[in-house]
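Take a look at the letters that make up each chain.
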Amino acid sequence: MSNSCFGFPPEFPGAYWLRLPHYSRDDRDRRFQCRKTFELSGVPETVYINVTADAKYILYVNGQFVHFGPARGFQSHWPYDRLDIAPYLKCGKNVIAALVYKFGMGMTMYAYGYDNGFLLSGKAGAVDLSTGESWLIRHAPGYIPAVARSSGQYGFQEFFDCRAAQDEWFMPEYAEDESWFDELSASHLRAAGCAPWYAFEERGVPLLGKTVVEAAGMVGFSATAAAPGMERNENIYLNYAAGGFDWQARTIPGNEFDFSGEVNAVVADLGEQMPGKLIFDIDHAQGGEMLGFIAFETLKNDGLTPDFPETPPEKTLVFGGRLTLKAGKYHHETTLPWGVRYVVMWKSQGNFKVKLAARKMIAELDVSGSFRTSDTAKQKIWDMCMRSQRCCLVDSYIDCPGRENAQWWGDALVQSQNTFRITDKADFLARGLRQIGEVTLPDGLTYAIAPTSSTLCVLPDYSALYPVTLYAHYFQTGSLEMYDKMRQTALGILSYFRNSAQANGNGLAAFDPRYWIFLDWCGPLQRKGTPTVLNLLWLYGLKCLHELSVAAGDKEVAALTAADMEGLTAAIEKNLYDPASGFIADGLDESGKTVTSHSAHGAALAIILGLFPQRHQQYIEEILLPLVKGDRSDPLQPSVYFTYFVFEALKRKGYRKEVIECIDRWWGEFVEAGCSTTPELFLDQARKGHSSFCHAWGAHPLVHYSEILLGVRQLSAGWEAVEIDPLLIPGMNIKGSVPTPHGAIVVSVAWQDGKPMVFKDVPGNITVRE
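Draft legend 1. Main features of the overall build of the protein chain. On a plain count of helices and strands, the protein chain comes out with 15 helices and 34 strands. Taken against the 2.2 N^0.38 rule, which gives 27 Å for 770 residues, the C-alpha radius of gyration of the protein chain at 27 Å falls within 12% of a compact globule. Dimensions along the principal axes, computed over C-alpha positions, put the protein chain at roughly 85 × 65 × 60 Å. Taken over 770 residues, the protein chain has a buried fraction of 63%. Put simply, 76% of the contacts in the protein chain that link residues at least 6 apart link residues at least 24 apart. Summing over all exposed atoms, the protein chain offers an accessible surface of approximately 28,100 Å²; the carbon and sulfur share of this is 49%. For the protein chain, the centre of its 70 positive side-chain charges and the centre of its 88 negative side-chain charges are spaced 0 Å apart.

What follows is the structure in structure tokens.
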């Protein structure tokens, strides 16, 4: 191994990727362990290391959990984490160790580079910690790889034989044995800077936390014996479903569960939804018993029975696995974080005890947004939404911590606005804009997810929202940096729509059968013809890019977008607008015939875009107000996601009270059902299939409470000017803070003798307009 640093990237000088050769030609779901021991005569004040892995690492120093990483990214400029490990070091013998995980295949949320490895660079005083020949490496014993997928998009179930494991492998006192490769060959080492990881970038978003949350207690148990054959099942749900457990209510607080007597299975509650790595501490096992477990998000309406998708068992994918127990005590922590609130556990035989916890894996944010009210129902809604968005801020925006765990960019507009009510930082939005924007198709479209291996995830309507999120970054920060960097991506997207309209012959973009399209899962023209919502989203992107170009003094783009907006607006008016009734059609069918059903989607977007302003009050009174005052029986009912746009339209027309009342009813249903986070769908739909019960696009009451109840509305880019006009609800006291780049704006309302006392504290460099 050469000691020269020629060709090595500056982040990892002289460091080598530790890797294991391809295993039996099947790299899926593999883990390996690596460790280095070293002596210190004194502990430096700081010991910074750069560390990464493809795909994931769990880093330990002297047996203590340090971090799970890296952030998701692309191999060509792979992310790394910069960590200070000095707090974990001691005088004398130390060990730094890592469990390294490789998906070994492409995922919806991961682009596979066909290799794997662990890489670290740094020094503790004079001791070089960099990965290379001084490290030990081995296949991680006990793991049974490539069992059933946890979902179609993210990861595998975890099957582990505790009997094969060595409990102390990451501890200084562990005695290394012949299972380790102590003489690393060329097949174990590759120099940093090699393909496919040519360059590196720091993660750019906050590190993940590592708080351990103990289970809150038992919800119920079953005396039914588990079905035989757990040792043969590669999908743990098959054994669960075959068991036919008869659940009985039994509420016992605490994190210890006794599998003895009549208790063969339990339902445990962690107390809150989270992206979490499950932790099992097992005692009194005889050895050979098996513990099946499944992490899930919600219970059925009886408040007792685990709620799994209503699909045949062989088609049901769950986050879970199987532990084969060893005699005595054992501690096991699952490798990947899963979306979890509840855990069902069941035994194959024997008597033993299990302590259950989860390591909560959310980004460590500088939280400066808050909301407190004397109205307990509204407080519960705010807390639920705050928890939802925090659960979906990990190493990127993710739609949900469970099933998909993906950075969907159509969700990002809503997620960014939610996040800006938690923190003023725009790092998640900026990193997502770069990741989505750097991989484009020849026709100019982006993928709807980044990173991804799925070529199916191209959605023109999500690409149309890319310039809108680009503007959202500028409006929050006042900086045009992202516009300068991603200008060409935005222009490419708009070029696609311009070409689609020219091919369609009427100035409107048509459904493109090469691609999937979302359009809120709704409407008669969701995947055919010329959908109105698709064209309104295109116009939304055009308007935002035009405003960005004007702010940047980019005359070329300003002229181009102005011409495109004029042409598209004229085409919408000519083909989709009925001047007699004032309504906007849902679109044109494949024969060019107008299809009309007066959807809230078109009405809301028309108001937001300023189209047909003479009809806005009609849209409010005849479409939007009946919708938000109704019972969601509209055949074109907007989803939890698209309700954000409905509320935005109503707010712009002064219907703030109606927005709050709708949130009270519709989001109040989530609270009453026991949801600790916002589901992907309204409850009448959420239980019918593979949907998430923790979905960030449902957390947008954070935005509306901030803008309506606290009354803080941003008026200019970079928060240079605001309006503060809290909605006064008699008897309801509130106090909250709204983050801005200049500091938090604090507003409170206290009622005394039937009169409101309003307090405002605004940073000095923000102008408050009356």
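Draft legend 2. Representation of the pairing of strand β20 (residues 290–296) within the structure. Across the seven residues that make up β20, a large majority, seven, are buried. Here β20 shows a buried face lined by Met290, Gly292, Ile294 and Phe296 and a second buried face lined by Leu291, Phe293 and Ala295. Across six bridges, the pairing between β20 and strand β21 (residues 319–324) is antiparallel. Within β21, the residue paired with Gly292 across the bridge is Arg322.

Draft legend 3. A look at the nonpolar core. Phe118, Met345 and Trp667 are the most contacted members of the largest nonpolar core, which has 247 residues in total. Ranked by residue count, the leading element in this core is helix α8 (residues 532–552), at 11 residues. Every residue in contact with Trp667, bar those within four places of it in the chain, is listed here: Ile381, Met384, Cys385, Val640, Thr643, Phe647, Cys662, Thr678, Phe682, Gly698, His700 and Pro701. Counting 22 residues, the second-largest nonpolar core is a separate cluster that includes Phe159, Met230, Tyr240 and Val344.

Draft legend 4. Seen up close, empty space enclosed by the protein. Under the counting rule described, the total for this entry stands at five cavities of 30 Å³ or more. By volume, the largest cavity amounts to about 190 Å³. Phe68, Arg72, Pro337, Asp395 and Asn405 are the residues nearest the centre of the largest cavity, which is lined by 21 residues in total. Across the lining of the largest cavity, the residue classes break down as 15 nonpolar, two polar and four charged. Its boundaries defined by the atoms lining it, the second largest cavity holds a volume of some 130 Å³. Around the second largest cavity, the lining comprises 13 residues; the ones closest to its centre are Cys522, Gly523, Val533, Asp586 and Ser599. Taken together, the residues of the lining of the second largest cavity break down into seven nonpolar, five polar and one charged.

Draft legend 5. Fine view of the sheet that holds strand β26 (residues 530–531). Taken in spatial order, the three strands make up an open sheet running β26-β27-β28, and their pairing is antiparallel. Each edge of the sheet is formed by a strand with only one pairing partner; in this case those strands are β26 and β28 (594–595).

Draft legend 6. Up close: the side chain of Asp81. With respect to the helices, strands and loops of the structure, Asp81 is situated in strand β6 (residues 77–84). Side-chain polar atoms of Asp81 contact the side chain of Tyr57, separated by 2.5 Å. Look past the residues within four positions of Asp81 in its chain and what remains in contact with it is Ile49, Asn50, Val51, Tyr57, His67, Gly69, Pro70, Ala71, Arg203 and Leu207.

Draft legend 7. Focus on the pattern of salt bridges. Counted according to the given criterion, the structure contains 39 salt bridges. Between Glu661 and Lys657 there is a salt bridge, and its shortest N-O distance comes to 2.6 Å. A residue pair is termed a helical-turn pair when its members lie 3 or 4 positions apart in one helix, as Glu661 and Lys657 do in helix α13 (residues 656–672) at four residues. Here the residues in one salt-bridge network are Arg421, Glu648, Lys651 and Glu707, joined through shared partners.

Draft legend 8. Local environment of the layout of surface pockets. Taken as a whole, the largest pocket spans an internal volume of roughly 880 Å³. Every residue lining the largest pocket is counted, 29 residues in all, and those nearest its centre are Phe475, Glu648, Arg652, Glu707 and Gln714. Mapped by element, the contributors of at least two residues to the lining of the largest pocket are α3 (412–419), α6 (466–477), α8, α10 (600–609), α12 (643–652), α15 (701–709) and β29 (712–714). The dominant element in the lining of the largest pocket, judged by the number of residues it contributes, is α6, at five residues. Class assignment of the residues belonging to the lining of the largest pocket gives a composition of 14 nonpolar, four polar and 11 charged.

Draft legend 9. Highlighting unusual backbone geometry. Residue Gly69 is joined to Pro70 through a cis peptide bond whose omega torsion reads -5°. The residue Asp29 is not glycine, and still its phi comes out positive at about 55°. Within the fold, Asp29 resides in the loop between β1 (16–18) and β2 (30–40). For Asp29, a relative accessible area of 1% gives the class buried.

Draft legend 10. Geometry of the packing of aromatic side chains. Per the counting criterion, the structure on display carries 59 aromatic pairs. Among the aromatic residues, those joined into a cluster by ring pairs are Trp408, Tyr462, Trp516, Phe518, Trp521, Tyr641, Phe642, Tyr644, Phe645 and Trp697. Looking at Arg359, its charged tip hangs above the ring of Phe65, at a distance of 3.8 Å from the centre.

Draft legend 11. Just the environment of Val557, in detail. Tracing the backbone through its elements, the reader meets Val557 in helix α9 (residues 555–576). In this structure, the C-alpha to C-alpha distance between Val557 and Tyr705, residues 148 residues apart in sequence, is 36 Å.

Draft legend 12. Structural view of α13. The end-to-end C-alpha distance of α13, which contains 17 residues, comes to 23 Å, matching closely the 24 Å that a straight helix rising 1.5 Å per residue would cover. Of all the bends in α13, the greatest measures close to 25° and is centred on Trp666. Count one or two residues on from α13 and you reach Gly674, which has phi positive near 90°.

Draft legend 13. View of the state of the cysteines. Scanning the entire structure with this criterion turns up zero disulfides. Cysteine Cys385 remains unbridged, with the sulfur of Cys694 as its closest cysteine sulfur at 11 Å. For Cys385, a relative accessible area of 0% translates into the label buried.

Draft legend 14. Quick look at the sheet that holds strand β5 (residues 64–69). Spatially, the five strands line up as an open sheet ordered β5-β4-β7-β2-β10, and their pairing is antiparallel. The sheet is open, and its two borders are formed by β5 and β10 (136–139), each paired with just one other strand. The mean angle between the axes of side-by-side strands here comes to 20°, regardless of whether they run parallel or antiparallel. As judged from the six bridges shared by strand β4 (residues 56–61) and strand β7 (residues 92–102), these two strands associate in the antiparallel manner. By the bridge assignment, Ile58 is partnered in β7 with Leu99.

About the criteria used
Residues numbered from 1 in each chain as written. Predicted model: local features only at pLDDT ≥ 70, side-chain atom pairs only at ≥ 80, totals over all residues. Heavy atoms only, no water. Helix = DSSP H or I, 4+ residues; strand = E, 2+ residues; numbered from the N terminus. Rg over C-alpha atoms; globule rule 2.2 N^0.38 Å. Buried < 20%, exposed > 50% of the residue type's maximum accessible area, 1.4 Å probe, protein only. Contact = heavy atoms within 4.5 Å. Areas by Shrake-Rupley, 256 points an atom, 1.4 Å probe, with all protein chains shown as cover. Lys, Arg positive; Asp, Glu negative; His and termini not counted. Charge placed at Lys NZ, Arg CZ, Asp CG, Glu CD. Pairing = 2+ DSSP bridges. Core = buried A, V, L, I, M, F, W, Y, C linked by side-chain atoms within 4.5 Å. 1 Å grid on protein atoms, 1.4 Å probe; cavity = no way out; pocket = protein on both sides within 12 Å on 5 of 7 lines; lining within 4 Å. Points joined across faces, edges and corners; volume = space filled by probe spheres on them. Nonpolar A, V, L, I, M, F, W, Y, C, P; charged D, E, K, R; others polar. Polar contact = N/O pair within 3.5 Å; in protein donor to acceptor, adjacent residues only side chain to side chain. Salt bridge = Lys/Arg side-chain N within 4 Å of Asp/Glu carboxyl O. Phe/Tyr/Trp six-rings, centres within 6.5 Å; stacked < 30°, edge-to-face > 60°. Lys NZ or Arg CZ within 6 Å of the ring centre and 35° of its normal. Expected span 1.5 Å × (residues − 1). Bend = angle between axes of the 7 residues up to and from the residue. Disulfide = S-S within 2.5 Å. Axes fitted to C-alpha atoms, helices over the stretch in contact; angles between N-to-C directions.

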